[in-house]
Amino acid sequence: MLSMEIYVEYAFIENFLLDLSLCYLALKFSKSPIKIKGVLLGGLIGAVFAVCYPLLKLYALYLAESLRVVLPFGMCLCSFKGCDLKNDRGRYALSVLSFYVLSFAFAGGVYGICAIFNLDYAYVNGTIVGVPLGVCFAVGVGLFAFIKRFFKEIYKRKSKTKFFYQCELTLNGKSIRANGFVDSGNLVSKNGKPVCFVTPDLFFDLVGLETSSLVMDELAVSTVLGNKKIKIFFLDEIKIYCDGGENIISKPYCAVKTLTGTREYKVLLGAWALEGQEREYGI
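Residues numbered from 1 in each chain as written. Predicted model: local features only at pLDDT ≥ 70, side-chain atom pairs only at ≥ 80, totals over all residues. Heavy atoms only, no water.

Chemist: So what exactly am I meant to see when it comes to the packing of aromatic side chains here?
Modeler: Remark: the centre distance and the inter-plane angle together describe each pair of aromatic rings, the angle taken between the planes. If you walk through the whole model with that rule in mind, you get eight aromatic pairs. Between the aromatic rings of Phe 181 and Tyr 265, the centroid separation amounts to 5.1 Å while the plane-to-plane angle is 25 degrees, which identifies the pairing as stacked. Here Tyr 265 lies in the loop between β11 (253–256) and β12 (267–269) and Phe 181 lies in strand β4 (residues 174–182), a separation of 84 residues in the sequence. When its relative accessible area of 12% is taken as the criterion, Tyr 265 is described as buried. Aromatic side chains Phe 203 and Phe 233 sit 5.4 Å apart centroid to centroid with 55 degrees between the ring planes, which places their arrangement in the tilted category. (Phe/Tyr/Trp six-rings, centres within 6.5 Å; stacked < 30°, edge-to-face > 60°. Helix = DSSP H or I, 4+ residues; strand = E, 2+ residues; numbered from the N terminus. Buried < 20%, exposed > 50% of the residue type's maximum accessible area, 1.4 Å probe, protein only.)

Chemist: Hey, could you run me through the pairing of strand β3 (residues 164–171) in this one?
Modeler: Residues in a regular strand point their side chains to alternate faces of the sheet. Counted residue by residue, β3 has seven buried out of eight residues, so it is predominantly covered. Of the strand pairs in this sheet, β3 and β4 are connected by eight bridges, and their pairing is antiparallel. Looking at β4, one finds that Cys 167 is bridged to Ala 178. In this sheet, strand β9 (residues 237–242) lies alongside β3 in antiparallel orientation, the contact comprising five bridges. Counterpart to Glu 168 in the pairing with β9 is Lys 239. (Pairing = 2+ DSSP bridges.)

Chemist: Help me understand the packing of helix α1 (residues 8–29) against helix α3 (residues 61–79) in this model?
Modeler: Packed helix pairs are characterised by how far apart their axes lie and by the angle those axes make with each other. Interaxial distance between α1 and α3 falls to 10 Å at its minimum, and their mutual angle equals 65 degrees. In this view, α1 runs roughly perpendicular relative to α3, as classed from their interaxial angle. α3 is crossed by α1, and the crossing has right-handed handedness. Of the residues in α3, those in contact with Asp 19, Cys 23 and Leu 27 of α1 are Met 75, Cys 76 and Ser 79. Partitioned by chemical class, the residues of the contact of α1 with α3 number four nonpolar, one polar and one charged. (Axes fitted to C-alpha atoms, helices over the stretch in contact; angles between N-to-C directions. Parallel < 35°, antiparallel > 145°, perpendicular 65-115°, else oblique. Left-handed = near helix turned anticlockwise from the far one by under 90°. Contact = heavy atoms within 4.5 Å. Nonpolar A, V, L, I, M, F, W, Y, C, P; charged D, E, K, R; others polar.)

Chemist: Please explain the environment of Trp 272 as it appears in this structure.
Modeler: Of note, Trp 272 is situated in the loop between β12 and β13 (278–280). Judged by its relative accessible area of 9%, Trp 272 falls in the buried class.

Shown next as structure tokens:
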């Protein structure tokens, strides 16, 4: 039978640092405002509960288990700066969820490393004890790096979707809908008229093989290989559906371009696509 001495002060310090880190990372990943004193208080609450948990479990099992489940709600609430649950309940809920995910991931990582390297540890009253601090540190650093990258990709994708809009392109009475992306860096214009770009497959769906009816023009552009001229043509109009309404851009120029690096849109627009409800650019 495995036996070991557990020093209360060591258990308190370890749990304080662990819970403090979990509170901080949970709010950091949910992009919630952080109150440093609150993070310290959350870590203190978690550490006190961890030390008292074995005794509490002996005399009040259901209370101990209930507190173990709901305590992260209070710890995150203490750490949340200026928490207004009416307006910030989404971020608060995400911070609590992040706390649970981090806790399970950390425990799983420690178990995994101990199993792989055949390290001795014990599971006493719901707590892992006897694990080298180096293992905890390695798991914490690896977990932080992984989840930071994970949340970064989520927020990157989320922020990017703010610029996606459903478009309807019309040419010679034929209309096709496609996803458009508003790129504020697209300042390409011809004689004051804006230029949008479409993928070759969308151009073929809209025009087909017959291009004789297109009103063609040329546009000089600069590339890394030097200056070149590309073919552009007039559309009848583009409708951009946004904010519950639609922006109608009449007689914009259009050019064909392979939009590399994404399959999420087929039309590249400029900031002009969201300016006003209706604009017309005559020939």
